[in-house]
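Chain by chain, the residues:
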Amino acid sequence: MKHIYFNHDAGIDDLVSLFLLLQMRNVDLIGVSVIPADGYAEPGVSASRKIIDRFGKSQVEVAESNSRGVHPFPKEWRMHPFFVDALPILNESGKVETPLSPLPAHQHMIQKIRENEESTTLLFTGPLTDLARALDEAPDIEDKIEKLVWMGGTFLDVGNVQEPEHDGTAEWNAYWDPEAVSRVWKSSLTIEMVALESTNQVPLTIDVRNHWASLRRYTGVDFVGQCYAACPPLVHIETNSTYYLWDVLTTASVGNKDLVKMRQVTSQVVTERPSQGRLIEEESGRPVHVVYDVDGEAFFGYITELAKRV
Ligand code: AGV
Ligand code: CA
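Note that this is a predicted model, so its numbers are computed, not measured. (Residues numbered from 1 in each chain as written. Chains lettered and ligands numbered in written order. Predicted model: local features only at pLDDT ≥ 70, side-chain atom pairs only at ≥ 80, totals over all residues. Heavy atoms only, no water.)

### A look at the nonpolar core
- Core analysis: the largest hydrophobic core is formed by 60 residues, its most contacted members being I51, Y228, L245, F299 and I303.
- In terms of residue count, the dominant contributor to this core is helix α1 (residues 12-21) (seven residues).
- The contacts of F299, once residues within four sequence positions are left out, are V202, L245, V248, L249, A252, L259 and V294.
- Counting residues in each nonpolar core, the second largest holds 32 residues, with L131, A180, M193 and A195 among its members. (Core = buried A, V, L, I, M, F, W, Y, C linked by side-chain atoms within 4.5 Å. Buried < 20%, exposed > 50% of the residue type's maximum accessible area, 1.4 Å probe, protein only. Helix = DSSP H or I, 4+ residues; strand = E, 2+ residues; numbered from the N terminus. Contact = heavy atoms within 4.5 Å.)

### Some remarks on the sheet that holds strand β6 (residues 145-151)
- Reading across the sheet, the ten strands line up as β4-β3-β2-β1-β5-β6-β7-β10-β8-β9 and stay open at both edges, with mixed pairing between neighbours. Edge positions in the sheet fall to β4 (100-104) and β9 (279-281), since each of these pairs with one other strand and no more. This sheet shows a mean twist of 35 degrees between the axes of neighbouring strands, independent of strand direction.
- Taken strand by strand, α1 contacts β1 (2-8), β2 (27-34) and β5 (120-124), and its axis lies near 160 degrees from that of β1.
- Contacts from helix α13 (residues 246-255) reach β1, β5, β6, β7 (191-194), β8 (260-269) and β10 (286-294), with the element oriented near 155 degrees to β6. (Pairing = 2+ DSSP bridges. Axes fitted to C-alpha atoms, helices over the stretch in contact; angles between N-to-C directions.)

### Describing the pairing of β10
- The pairing of β7 with β10 spans three bridges and is parallel. Bridge pairing in β10 links V194 to V291.
- Where β8 lies against β10, eight bridges are found, and the strand directions are antiparallel. When the sheet's bridge partners are listed, M262 is paired in β10 with V291.

### A few points about the site of ligand 1
- The local shell around ligand 1 holds 17 residues, among which D13, D38, T125, E171 and D247 are the closest.
- Interatomic distance of 3.1 Å between a backbone N/O atom of N240 and a nitrogen atom of ligand 1.
- Between ligand 1 and S241, the relevant distance is 3.5 Å, taken from a nitrogen atom to a main-chain nitrogen or oxygen of the residue.
- Taking 430 Å² as the accessible area of ligand 1 by itself, protein coverage stands at 99%.
- At a threshold of 2 Å from the grid points, most atoms of ligand 1 map onto the largest pocket.
- Contributions of two or more residues to the shell around ligand 1 are made by α1, α8 (172-176) and α13.
- Tallied by class, residues from the shell around ligand 1 come to six nonpolar, six polar and five charged. (Near = heavy atom within 4 Å. Polar contact = N/O pair within 3.5 Å; in protein donor to acceptor, adjacent residues only side chain to side chain. Areas by Shrake-Rupley, 256 points an atom, 1.4 Å probe, with all protein chains shown as cover. 1 Å grid on protein atoms, 1.4 Å probe; cavity = no way out; pocket = protein on both sides within 12 Å on 5 of 7 lines; lining within 4 Å. Sits in = over half its atoms within 2 Å of the grid points. Nonpolar A, V, L, I, M, F, W, Y, C, P; charged D, E, K, R; others polar.)

### Notes on unusual backbone geometry
- Cis geometry marks the peptide bond from R273 to P274, where omega comes out at 5 degrees.
- Along the chain, P274 turns up in the loop between β8 and β9.
- At A10, a position not held by glycine, the phi torsion is positive, near 65 degrees.
- Its location among the elements puts A10 in the loop between β1 and α1.
- Its relative accessible area of 0% is what places A10 among the buried residues.
- Positioned with a positive phi, E165 is a non-glycine residue whose angle comes to about 65 degrees.
- Looking at E165, the relative accessible area reads 58%, which means it is exposed.

Next comes the structure, spelled out in structure tokens:
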């Protein structure tokens, strides 16, 4: 059994990841927090609580982050959690029971790690700001963290940031708060990084959508299809808004490590313009395990099987 603390940033694939984690029989979810990066906090927290109410088996607390980034996400993307929060399936009961912690996310995480008698795996599918703050405030937690599994970063020449004053070499979660990546890189944590190298291999396509549609008699598969209805699929060419299953791949790799391939890389993060958030391979740099390849068919099969459990 893995004990997981999940910090996400309220995107569509962040929320689908929460749903999938709740279906994994080898995972004990010890806490969830929401950082307002790729999605607004209010609907992100609310949707998370409703997903735990509707699809969870035991009580899990949710905390809101008070961290703020350096480079905000585009507003159109940040609107996504309003759509999930309003889905009828999450509002059928008319009440919200999952507790909201009075603590800010990074302190909530510190508390949950300290309370856990065993070691905790951290799953981060947004920027690393809350982890950087937690490590500063409570250095003792480092020894109780099994590893960090992070969706972020890339060693490709082309990342997924297309913004003024940037050269396009970074991945968004790293770009939102490059200093936080730098702080986490200074820690002694074991880091698994699910980079764009692998997430680029799992775009949201019409075929994937149609497959989920054909299985919508399963409540969970229907829920996943409804969530992804908010996102543009890959049809002709990749655009700035093309959606990949970034966070869902990261989450799936925690539940089933055989889906992905990793190699160790030593690297350093750039915090200066115009490449803020870029990772550079460097011999004297910090070692991380980079997920660079995925068995796409096995991955889609795995997440669909999880969703069929509901
Ligand atoms: O860079 C990928 C990260 C993931 O954590 N997010 C989306 C995933 O939740 C940012 C992002 C990059 N491109 C996007 C993003 C897009 N086209 N729409 C929404 N978010
Ligand atoms: Ca995310």
